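A look at the structure
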Amino acid sequence: MFGIDYLKKHFTHNQRYIIVAILSLFLPFYMCATVIIFLTVRLLLKGEIQEAYRNTPKSQFILYFSGLSLIVSLFYQNYYGAACSIGILAILSFVLYYRQHITPELFEFITNCIIVLSVFAAMYALIEYIGILNKFDIDQLEIRFFNKPQDRINSVFFNANYYAMMIEFFVCLTFYKILKIENIKKEWKKFAYYLCVIGINLFMLLLTACRTAWPAIAGGIMIMLIIDKRYKTCAFIFGGVLLVCLYFLFNPSQFPRVDNIVAYFMTRQNIWEVAIANIKTHPLFGEGPMTYMHIYPLYHGHPTEHAHSIYLDPVLCFGIIGLLTIVPFIWSNIKRLYLLWKKKIDKTMVALMIAFTVMIFIHGVLDYTIFFVQTGFLYLLIASSFDVYKESLD
């Protein structure tokens, strides 16, 4: 499945660039970013990126958005934001290239790769967790939750919360594969394999001690089932979620990191107050990506990278006008997704793409983990996969 000869036989040279980019997701973030930028520059020099822009409606708005973001960042001497603006342009440009060359066969292959590699990421995280236990002189394997970021597993994804969002995506992709099984009795081995992968990733999610990811996964899975018209299964899972909620309601001490939950919300409140204050003074253009990290000392705010809210940070960074420059491109994608659903070509894939979006907006209530190399890149690839059926949509 992963051999060089297999890749040469089944996929074109252009498609192999996409496979390399997917594999880079499981490298440390700085290496992943380097690979994506290298591939994008190489494709730019070959004229492939220019071709992707010419073939994708409203794609010029990516250039307007990224260019404006870069100019604003430099104006406010937000050099991290300037670097991020270039990174955003590289990632979105590669996503356009992905849309030109994605096929059903390639989509199934890369999702299979992601699922397999998620298990290797979990194995690495487990070794990391054992190391953390040893740090506290705990010699036997037991489930313990720690509050300090350096004492929570992150595998290769920088910190525990980013790994938690990647696990959300891994679980959702694997569940998508289960929904694609036509006859579970005949393909019970495949079904069992997918269940094991989900179980492994959920166990790793527990060890990350990330609380926000659980409602995100539950919401994403239930949305998938509703769109795919699996109402009985959805009701069953919803019942399970209610039972879990009742358990923690009557056993609050069992809730992960319950001892710092008040301090956690107080910190979030402080971060949001700083973000809102700066939005009021810079509502139109923001100050570029990573604005919060750039301005929190001015407000004596909590030191961190972003505003920990998907509903605040984009406005804080890009402003109202900045966000409006990318809206035509986003709207074009929404219309294409709607057309895929309307034509009833692949409702399960529609369910997957919507579930990914639902998860980032649920998780985004208390965090902004989607704004990162690996999480953002994987989300954009999956959310743009409607062009698997480009011939039917055009």
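First, a word on scope: everything that follows refers to the structure included in this document. The structure displayed is predicted, hence computed values, not measured ones.

Thresholds, definitions, all that
Residues numbered from 1 in each chain as written. Predicted model: local features only at pLDDT ≥ 70, side-chain atom pairs only at ≥ 80, totals over all residues. Heavy atoms only, no water. Helix = DSSP H or I, 4+ residues; strand = E, 2+ residues; numbered from the N terminus. Contact = heavy atoms within 4.5 Å. Disulfide = S-S within 2.5 Å. Buried < 20%, exposed > 50% of the residue type's maximum accessible area, 1.4 Å probe, protein only. Phe/Tyr/Trp six-rings, centres within 6.5 Å; stacked < 30°, edge-to-face > 60°. Lys NZ or Arg CZ within 6 Å of the ring centre and 35° of its normal. Core = buried A, V, L, I, M, F, W, Y, C linked by side-chain atoms within 4.5 Å. Salt bridge = Lys/Arg side-chain N within 4 Å of Asp/Glu carboxyl O.

Our focus in this paragraph is the side chain of H306. Checked against the element boundaries, H306 lands in the loop between α13 (291-295) and α14 (313-324). Excluding its chain neighbours within four sequence positions, the residues that come into contact with H306 are Y162, I271, Y292, D313, D367 and Y368.

What follows is about the state of the cysteines. Two cysteines form a disulfide when their sulfur atoms are joined by a covalent bond. Enumeration according to the criterion identifies zero disulfides in this entry. Free of any disulfide, C32 has its nearest cysteine sulfur in C84, 14 Å distant. We classify C32 as buried; its relative accessible area is 0%. For the unlinked cysteine C317, the closest cysteine sulfur is that of C84, found at 8.7 Å. Take C317: its relative accessible area is 2%, and that puts it in the buried class.

This brings us to the environment of S73. Along the chain, S73 turns up in helix α5 (residues 60-75). The class of S73 is buried, set by a relative accessible area of 0%. Taking the C-alpha atoms as reference points, S73 and F318, separated by 245 residues in sequence, lie 9.4 Å from one another. Apart from residues no more than four positions distant in its own chain, S73 is found in contact with N78, G81, A82, S85, E287, G288 and P289.

This brings us to the packing of aromatic side chains. Applying the stated criterion across every chain, the model contains 28 aromatic pairs. Where Y338 meets W341, the ring centres are 5.8 Å apart and the plane angle is 40 degrees; that geometry is what we call tilted. Separated by three residues within a single helix, Y338 and W341 lie in helix α15 (residues 327-342), roughly one turn from each other. Owing to a relative accessible area of 46%, Y338 belongs among the partly exposed residues under this scheme. Through pairs of rings, three or more aromatic residues link up here, namely F29, Y30, F158, Y162 and F372. Seen from the ring of Y264, R211 lies directly overhead, with NZ or CZ sitting 4.6 Å from the centre.

Let's shift gears to the nonpolar core. Counting 112 residues, the largest nonpolar core has F107, F157, F169, M224, L352, F356 and F377 as its most contacted members. Among the elements that line this core, the one with the most residues is helix α8 (residues 160-180), at 15 residues. Those residues in contact with F157 that lie beyond four places of it in its chain are L25, F26, A121, Y162, Y163, M166, F170, F372 and Q374. Within the second largest apolar cluster, nine residues are counted, among which are V274, Y292, A307 and L316.

Let us now look at the environment of V119. Positionally, V119 belongs in helix α7 (residues 104-135). If sequence neighbours within four positions are ignored, V119 has contacts with V197 and I200.

Moving on, we come to the pattern of salt bridges. Tallied over the entire structure, the rule returns 10 salt bridges. Ionic pairing is found between D387 and R99, a salt bridge with its closest N-O pair at 2.7 Å. Of this pair, D387 sits in the loop between α17 (373-383) and α18 (390-393) while R99 sits in helix α6 (residues 79-101), and the two are 288 residues apart along the sequence. For the pair D387 and R99, a shared accessibility class is recorded, and that class is buried. Between K347 and D228 there is a salt bridge, with its nearest N and O atoms 3.9 Å apart.

Nothing here speaks to function; it is all geometry.
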